[in-house]
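Chains, contacts and geometry: an overview
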Number of protein chains: 2
Amino acid sequence: MIANDEIPEPHDKDGLALITQGMAPHLNALDGFLREQIVAFEPEVRELVEFCLQRSGKRIRPILLFLCGECEKQDPSQIRAAAVLEMVHLATLVHDDILDEADLRHGLPTISHKYGAQNAVLLGDALFAHAVHLSAQFPDTTVCRLVSQATRTVCSGEIAQSARKDFELITKETYYRLIQMKTAELFRVACHLGAFLQGHPEETVKAVSEYGNHLGIGYQIYDDLADFFGEEAKVGKTLGTDWASGKITLPVLLYLQEYPPGERQQLLAEARQGGAKVLGNWREAMQEKGIFETVAQAVDEEITKGEKALGKHAGEMPALNLLPLGEFLRQKVQKLRPSFAVI
Amino acid sequence: MIANDEIPEPHDKDGLALITQGMAPHLNALDGFLREQIVAFEPEVRELVEFCLQRSGKRIRPILLFLCGECEKQDPSQIRAAAVLEMVHLATLVHDDILDEADLRHGLPTISHKYGAQNAVLLGDALFAHAVHLSAQFPDTTVCRLVSQATRTVCSGEIAQSARKDFELITKETYYRLIQMKTAELFRVACHLGAFLQGHPEETVKAVSEYGNHLGIGYQIYDDLADFFGEEAKVGKTLGTDWASGKITLPVLLYLQEYPPGERQQLLAEARQGGAKVLGNWREAMQEKGIFETVAQAVDEEITKGEKALGKHAGEMPALNLLPLGEFLRQKVQKLRPSFAVI
């Protein structure tokens, strides 16, 4: 459970690191479980699987599952379900890196960069198949059903996004639908599975799933904002990577909507070629036009929607475990706030 | 059920077409079921899914399942299971075409050629996720477990193959392991599921699964042989496409083993650059060295192994449905036999 004093201080650079302190045994058990899976793959794949597991990120989906599972004791089914979600997530990352033609992720070479796009296609497939294999080991088909449904949604979201890499055409509604699919769905299922495996009644499971969904949407909007206003972007290290790869982000969407449709493509082309300087100009213009505030508010709105979805369950477990995450996300957004005055 | 008189005559060019005549209602129901699935995908993906379903091949895996399911009546669970296998197969084809950088399959443009490799990666993912989603709708986890295990094996087989595109290093044992993984596994599971859903006892299910496995290995060896000696290859239409893409096939493997290791790479390079003329020379040399016969015999051996695996079940259903398939494959091999005399 997250205590309020565990909410990271402003100097916390990693974000979720402090929240995970309380669940170190679970995360260690998860790491151990994932490592054990390596030998379940064919010999030729093991090196790639290991390479991929080493690149694991913040484990947000397992953390959500453990929080909703109340992580009071180490429940093997929770560890296995968390591993399933993490492997599905890793599989989508491996395939995403091919789509983005990314060389680096979190500063480390991507699978597709190191082993080639072809191996990355196949590794993603094998990881996903193994995740489903693990989810079929539960006594009934619930986990399998939820995981396959979520994976289908995530994949469809990626296709839809890839089909709409044109900022002129996308609406805000489409943007929300896309980020629900590609990010919030796995957040939602993580909460669902945690509460379900802990034996909570259906109504509670539904409420925390909805919270997870809104948190996922909020998290993605925050991530979009950080692409422009995060520390890395500020010092020119990542240079709005999502923006550069043509991904649809809310700040860019709102910025372009300030201009006539005919000018948008031109603006984007200039921006992509212009590098750090143009990014700085955009950032400044976004503040002038109040876009930072609008996007920050959009994050806040999602968290509030999630809180409302909890309804009468807000005062009980596992909701009590989840609510600090929303607060934490609100703080993360505030930390992005540009330090220079709005003109 | 296949009657002996339905075994195709030498003028049958499609192979399995005649065998499927008896199960037209099942295959039509399968087509209908697959078409119904299109709307279950997100709008942006539907065109790709439809495009992909239209490119469906011979439906060998569903046919195996229906044969083992005795196809006496249209059982919805058999139709659904057949759809699951076909979608997994289609998903692997979509991803394979990316790996092979193929522009055409069965004379039609591939997904990756028409919609780009990125969409092909994602479509394969979505198809596979939907297949698992369908398999999670069965009352217990058996189908989900078998399908995910098979998919994992197929993917690992593809990775292993991709990691060993060097004919000098591969052994016959490795070749057999690879084709078991990438081809025979889905044949095996098709037989398993058909017999399982029809309610056969475990021992029978195991026996027909083993037959399916050997049939799959035999089929792949036949396919490798057809890459060199099939009608299309003879008239220079496909020019040993597997060979050209660097895939490991038994004829090439045996041919290269006739030469000292140091010369093999050179031979391959010459062959790939030489086109139709070199292919003709190889074909002739393969006959001289008895390689056609060795490979044809390898197909026969697998079918015989399958027949032995059926054991005491060979005289009963569903084995009686399967045995003509092996005979049919034997005939297909004979039809490849080169018409010009061995020197």
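Keep in mind the model is a prediction, meaning the values are calculated, not measured.

Between chain A and chain B, the residue contacts involve 41 residues of the former and 41 residues of the latter. For chain A, the biggest contributors to the area lost against chain B are A:Glu44, A:Arg152 and A:Ile159; these three give 19% of the whole. At the boundary of chain A and chain B, one finds zero salt bridges. Applying the counting rule to chain A against chain B returns 11 residue pairs in polar contact (both at pLDDT 80 or more). Of all the secondary-structure elements, those providing two or more residues to the side of chain A that touches chain B are helix 3 (43-54), helix 5 (76-100), helix 7 (117-135), helix 8 (142-163) and helix 9 (172-197) of chain A. For the side of chain A that touches chain B, the residue count by class is 20 nonpolar, 11 polar and 10 charged.

On to the packing of helix 4 (residues 60-68) of chain B against helix 5 (residues 76-99) of chain B, then. Residue and element names in this part refer to chain B. Relative to each other, helix 4 and helix 5 sit at 155°, their axes nearing to 8 Å. Of the possible angle classes, the one that applies to helix 4 and helix 5 is roughly antiparallel. As helix 4 runs across helix 5, the sense of the crossing is right-handed. Packed against helix 4, whose contacting residues are Arg-61, Pro-62, Leu-65 and Phe-66, the element helix 5 presents Gln-78, Ile-79, Ala-81, Ala-82, Leu-85, Glu-86 and His-89 at the interface.

The subject of this paragraph is the confidence of the model for chain A. Residues and elements named next belong to chain A. A residue-level look at chain A finds 83% of positions with pLDDT of 70 or above and a mean pLDDT of 83. Here residues 1-13 is a poorly scored stretch, pLDDT under 50, and it has 25 contacts once near neighbours within four places are set aside; other chains count. In the predicted complex, the global pTM is 0.85; the interface-specific ipTM is 0.81.

The next thing to look at is the packing of helix 5 of chain B against helix 9 (residues 172-197) of chain B. Residues and elements named next belong to chain B. Interhelical geometry of helix 5 versus helix 9 gives an angle of 170° and a closest axis separation of 10 Å. The orientation of helix 5 with respect to helix 9, classified from their angle, is roughly antiparallel. Counted together, Ser-77, Gln-78, Ala-81, Leu-85, Val-88 and His-89 of helix 5 and Leu-186, Val-189, Ala-190, Leu-193 and Leu-197 of helix 9 form the full contact between these two elements. Of the residues in the contact of helix 5 with helix 9, the class split is eight nonpolar, three polar and no charged.

Residue and element names in this part refer to chain A. Relative to the helices and strands, Arg-35 resides in helix 2 (residues 24-37). Judged by its relative accessible area of 56%, Arg-35 falls in the exposed class. The spatial distance from the C-alpha of Arg-35 to the C-alpha of Glu-50 is 7.5 Å, given a sequence separation of 15 residues.

Mapped onto the secondary structure, B:Arg152 falls in helix 8 (residues 142-163). Along the primary structure B:Arg152 and B:Ala83 are separated by 69 residues, whereas in three dimensions their C-alpha atoms are 18 Å apart. When residues no more than four places from it in sequence are discounted, the contact partners of B:Arg152 are A:Ala40, A:Ala126, A:Ala129, A:His130 and A:His133.

When we look at a pair of aromatic rings, we describe it by the centre distance and by the angle of the planes. Counting across every chain of the model gives 17 aromatic pairs over all chains. Seen in terms of ring centroids, B:Tyr255 and B:Tyr259 are 5.5 Å apart; in terms of plane orientation they differ by 55°. Their pairing is tilted. A relative accessible area of 4% means that B:Tyr255 is categorised as buried. Accessibility expressed as a relative area gives 22% for B:Tyr259, which makes it partly exposed. An aromatic cluster of at least three residues, connected via ring pairs, comprises A:Phe187, A:Tyr219 and A:Tyr222. Over the ring of A:Phe138 we find A:Arg80, and its NZ or CZ is 4.7 Å from the ring centre.

Both copies of the chain are related by a screw-like operation: a rotation about an axis and a shift along it. Note on the copies: chain A fits chain B at an RMSD of 0.0 Å, the axial shift is 0.1 Å, and the rotation between them is 180°. As the rotation angle and translation indicate, the two copies are arranged about a two-fold axis. For chain A, the smallest separation between a C-alpha atom and the rotation axis is recorded for A:Thr141, amounting to 2.8 Å.

Here we come to unusual backbone geometry. Residues and elements named next belong to chain A. The amide bond that connects Met-317 to the next residue, Pro-318, takes the cis arrangement and shows omega of 0°. Relative to the assigned elements, Pro-318 resides in the loop between helix 16 (291-310) and helix 17 (319-336). Within the chain, Arg-59 stands out as a residue other than glycine whose phi angle is a positive 60°. Note on placement: Arg-59 falls in the loop between helix 3 and helix 4 (60-68).

A separate point is helix 14 (residues 261-274) of chain A. All names here are of chain A. For helix 14, spanning 14 residues, the distance from its first C-alpha to its last is 21 Å, which sits close to the expected 20 Å at 1.5 Å a residue. Those residues of helix 14 not exposed but buried are Arg-264, Leu-267, Leu-268 and Ala-271. Axial view of helix 14: buried residues confined to an arc of 100°, hence all on one face. Looking at helix 14, the residues exposed on the side facing more than 90 degrees away from the buried face are Gly-262 and Gln-273. Positive phi shows up at Gly-275, right after helix 14, with a value of about 70°.

A separate point is the state of the cysteines. Inspection of every chain in the model, using the stated rule, returns one disulfide over all chains. The disulfide that involves A:Cys144 links it to B:Cys144, with 2.1 Å between the sulfurs. Judged by the sign of its S-S torsion, about -80°, the bond between A:Cys144 and B:Cys144 is left-handed. Taken together, the positions of A:Cys144 in helix 8 and B:Cys144 in helix 8 put the pair across two chains. A single burial state applies to A:Cys144 and to B:Cys144, both of which are buried. A:Cys155 takes part in no disulfide bond, and the closest cysteine sulfur to it belongs to B:Cys155, at a distance of 13 Å.

About the criteria used
- Residues numbered from 1 in each chain as written.
- Chains lettered and ligands numbered in written order.
- Predicted model: local features only at pLDDT ≥ 70, side-chain atom pairs only at ≥ 80, totals over all residues.
- Heavy atoms only, no water.
- Contact = heavy atoms within 4.5 Å.
- Buried area = accessible area lost by both parts, 1.4 Å probe.
- Salt bridge = Lys/Arg side-chain N within 4 Å of Asp/Glu carboxyl O.
- Polar contact = N/O pair within 3.5 Å; in protein donor to acceptor, adjacent residues only side chain to side chain.
- Helix = DSSP H or I, 4+ residues; strand = E, 2+ residues; numbered from the N terminus.
- Nonpolar A, V, L, I, M, F, W, Y, C, P; charged D, E, K, R; others polar.
- Axes fitted to C-alpha atoms, helices over the stretch in contact; angles between N-to-C directions.
- Parallel < 35°, antiparallel > 145°, perpendicular 65-115°, else oblique.
- Left-handed = near helix turned anticlockwise from the far one by under 90°.
- pLDDT = per-residue confidence, 0-100.
- Buried < 20%, exposed > 50% of the residue type's maximum accessible area, 1.4 Å probe, protein only.
- Phe/Tyr/Trp six-rings, centres within 6.5 Å; stacked < 30°, edge-to-face > 60°.
- Lys NZ or Arg CZ within 6 Å of the ring centre and 35° of its normal.
- Least-squares fit on C-alpha atoms with pLDDT ≥ 70 in both.
- Expected span 1.5 Å × (residues − 1).
- Arc of directions from axis to C-beta.
- Disulfide = S-S within 2.5 Å.

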